[in-house]
Each structure stands twice: as C-alpha cells, then as structure tokens.
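Secondary and tertiary structure notes
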Amino acid sequence: MGTAATSGGNVNYLRLNWTASTSADARYYRIYYGDGAAPQLTQSYLIATPPTGATQWVLWQLDANNPAQLSMTTVDRQENESAAATLTVTLTNLTACGN
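To keep things clear, this report deals only with the structure shown in the data block. Just so it is clear, the model here is predicted, and its values are computed rather than measured.

A look at the overall build of the chain
- Looking only at helices and strands, the chain has 0 helices and 7 strands in total.
- Helices and strands in the chain line up, N terminus first, as β-β-β-β-β-β-β.
- Here the chain holds 99 residues, and the buried ones make up 35% of them.
- In the chain, the share of contacts with a sequence separation of at least 24, taken over all contacts with a separation of at least 6, comes to 60%.
- In the form shown here, the chain has an accessible surface area of approximately 5,600 Å², with 46% of it arising from carbon and sulfur atoms.

Notes on the pairing of strand β6 (residues 68-76)
- The buried fraction of β6 amounts to 8 of the 9 residues, a majority that puts the element mostly inside the structure.
- Both strand β3 (residues 26-35) and β6 contribute to a ladder of 9 bridges, which runs antiparallel. Residue pairing in the sheet places Y29 in a bridge with T74 of β6.
- Bridge analysis of β6 against strand β7 (residues 85-89) gives 5 bridges, and the strand direction is antiparallel. Within β7, the position partnered with Q69 by the bridge is T88.

Remarks on the packing of aromatic side chains
- The final tally for this structure, using the stated rule, is 1 aromatic pair.
- Ring plane angle 70° and centroid distance 5.4 Å describe the contact between W18 and Y29, whose orientation is recorded as edge-to-face. A residue pair is termed long-range when its members are at least 10 positions apart, and W18 in the loop between β2 (11-17) and β3 and Y29 in strand β3 qualify at 11 residues.

Here's the deal with the pattern of salt bridges
- Under the defined criterion, the tally for this structure stands at 3 salt bridges.
- Among the salt bridges present, the one from E79 reaches R27, with a minimum N-O distance of 2.4 Å. Note that E79 is positioned in the loop between β6 and β7 and R27 in strand β3, a separation of 52 residues in sequence.
- For R27, a relative accessible area of 42% puts it in the partly exposed group.
- Here the salt bridges share partners, and the residues they tie into one network are R27, R30, E79 and E81.

Quick look at the environment of D25
- For D25, the location among the structural elements is in the loop between β2 and β3.
- Taking the relative accessible area as the measure of exposure, D25 reaches 34% and is therefore partly exposed.
- Along the chain, D25 and T74 lie 49 residues apart, while their C-alpha atoms are 9.9 Å from each other.

Some points on the side chain of R30
- Tracing the sequence through the fold places R30 in strand β3.
- Judged by its relative accessible area of 17%, R30 falls in the buried class.
- Separated by 3.0 Å, the side chains of R30 and E81 make a polar contact.
- The residues contacting R30, other than those within four sequence positions of it, are L46, A48, T49, S71, M72, T73, V75, E79 and E81.

Rules used throughout
Residues numbered from 1 in each chain as written. Predicted model: local features only at pLDDT ≥ 70, side-chain atom pairs only at ≥ 80, totals over all residues. Heavy atoms only, no water. Helix = DSSP H or I, 4+ residues; strand = E, 2+ residues; numbered from the N terminus. Buried < 20%, exposed > 50% of the residue type's maximum accessible area, 1.4 Å probe, protein only. Contact = heavy atoms within 4.5 Å. Areas by Shrake-Rupley, 256 points an atom, 1.4 Å probe, with all protein chains shown as cover. Pairing = 2+ DSSP bridges. Phe/Tyr/Trp six-rings, centres within 6.5 Å; stacked < 30°, edge-to-face > 60°. Salt bridge = Lys/Arg side-chain N within 4 Å of Asp/Glu carboxyl O. Polar contact = N/O pair within 3.5 Å; in protein donor to acceptor, adjacent residues only side chain to side chain.

Written out as structure tokens, the structure reads:
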C-alpha cells in the first residue's frame, strides 16, 4: 500500500494507492481508520469498502500533526478477510510524499 499526502490551507487529504489483488476470489477491500492509534478491524473503524477493481482511495479532512493509522484488508467471496497492511501518516506542512 503506497500513499501520497497533501496539506495546505484548510484541506488535508491522503490518497492511498495499491496494487490490485490478483486472487480470482477477491471481492472487495476494507479500509479501517484509527485517529492516532491503530484501528481495530471492526465495523466501528471501517471507513471504506472499495471494489477489487479499485487501486486508489482518498481520505479527506485529516487533522494535521495528528497521526492517522490506516489498515487495509482484502475480502474474498466467502467473506474471509486477509491479514491487514497498516500505514501510519502524519501531515506536517507536506506538499507530497510517497512510499
């Protein structure tokens, strides 16, 4: 999972980029958000469920200087969820970053 983050004025956003799953059983992704702490993989932390054809997603209105932790999983047709990939990002007057 890669990322590009931008902070400027009152708009702070994070664009996640990833390589699409190659599994024929993959149905969709789950993206979880934790404000300053690692998100639990539960419904209360779930913020998006992009389809498997998607390879990016944007999170708007991040709190600058407050770490955001995101976890992403892949869900198959039987609702089995993969292990999570986790990313921590802090916006501090960024214009762009990536990994």
